[in-house]
Structures are given as structure tokens and as C-alpha cells.
Amino acid sequence: MDSDSFRQWRRALGWKQKDAADRLGLKKRVIQYYEKGDRDGKRVEIPRSVELACLALSMGIERYDGRALPRDASDLLGRGRLAVDPSTIASLD
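Residues numbered from 1 in each chain as written. Predicted model: local features only at pLDDT ≥ 70, side-chain atom pairs only at ≥ 80, totals over all residues. Heavy atoms only, no water.

## Comments concerning the packing of helix H1 (residues 3–12) against helix H2 (residues 17–24)
Part 1: For the pair H1 and H2, the least separation of the axes is 10 Å and the interaxial angle reads 95 degrees. In terms of axis orientation, H1 runs roughly perpendicular to H2. Of the residues in H2, those in contact with Phe6, Trp9 and Arg10 of H1 are Gln17, Ala20 and Leu24. (Axes fitted to C-alpha atoms, helices over the stretch in contact; angles between N-to-C directions. Helix = DSSP H or I, 4+ residues; strand = E, 2+ residues; numbered from the N terminus. Parallel < 35°, antiparallel > 145°, perpendicular 65-115°, else oblique. Contact = heavy atoms within 4.5 Å.)

So this is what it looks like as C-alpha cells:
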């Protein structure tokens with residue numbers, strides 16, 4: 001994820017920089033660095049953990065309880081119904 005993609009992600013959710021910072025557990029200044037792409041003339045990379053958190057937040061997942069996730073969609077299928085209770089996959093707030 002580059003700085004432009006990060007900014008587009010935040011704006012697509014209708015969030016201010018402070019909103020994104022709060023949900024990602026970061027300071028607003030860090031969000032500004034990510035969106036600018038540098039800090040004091042040095043390139044700033046968005047960590048993979050932040051990229052994955054952005055994906056989760058985009059999907060409406062704000063908390064994860066650490067339970068094992070299915071490896072793929074076929075693990076969820078079982079005779080026409082879900083073999084796994086969706087509430088055990090991730091906690092949604």
C-alpha cells in the first residue's frame with residue numbers, strides 16, 4: 001500500500017485522519033506521514049500490519065479474538081450450510 005492508496009482508503013470510509021488514527025491505534029501525525037509518504041525527507045513505508053488492519057477495517061472487522069481462521073472458503077462449507085459459526089471467526093463491533 002502506497003501513500004496515495006492509504007489516503008484513498010481513508011477517504012473511501014469517510015474518515016478524517018484522526019478517525020483513522022484512532023481505529024488503527026496510531027497517532028494522527030503517523031497517519032499524516034503515511035499519506036505524505038515521507039518524514040523529514042526520508043521515505044515512510046506503511047507496515048504490512050497496518051495494511052492488513054486497513055483491510056480488516058474495510059471489511060467491518062474492528063477486533064480479532066485470536067481464534068483460528070479457516071484456510072479457505074471450502075473450510076466454511078458443509079452440506080449447504082456453514083460448518084463454522086461466523087461469530088467464532090472474528091469479533092465484530
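## Describing unusual backbone geometry
Part 1: The phi angle at Asp40 is positive, at roughly 55 degrees, despite the residue not being glycine.
Part 2: Position of Asp40 relative to the elements: it lies in the loop between strand E1 (38–39) and strand E2 (42–43).
Part 3: When its relative accessible area of 70% is taken as the criterion, Asp40 is described as exposed. (Buried < 20%, exposed > 50% of the residue type's maximum accessible area, 1.4 Å probe, protein only.)

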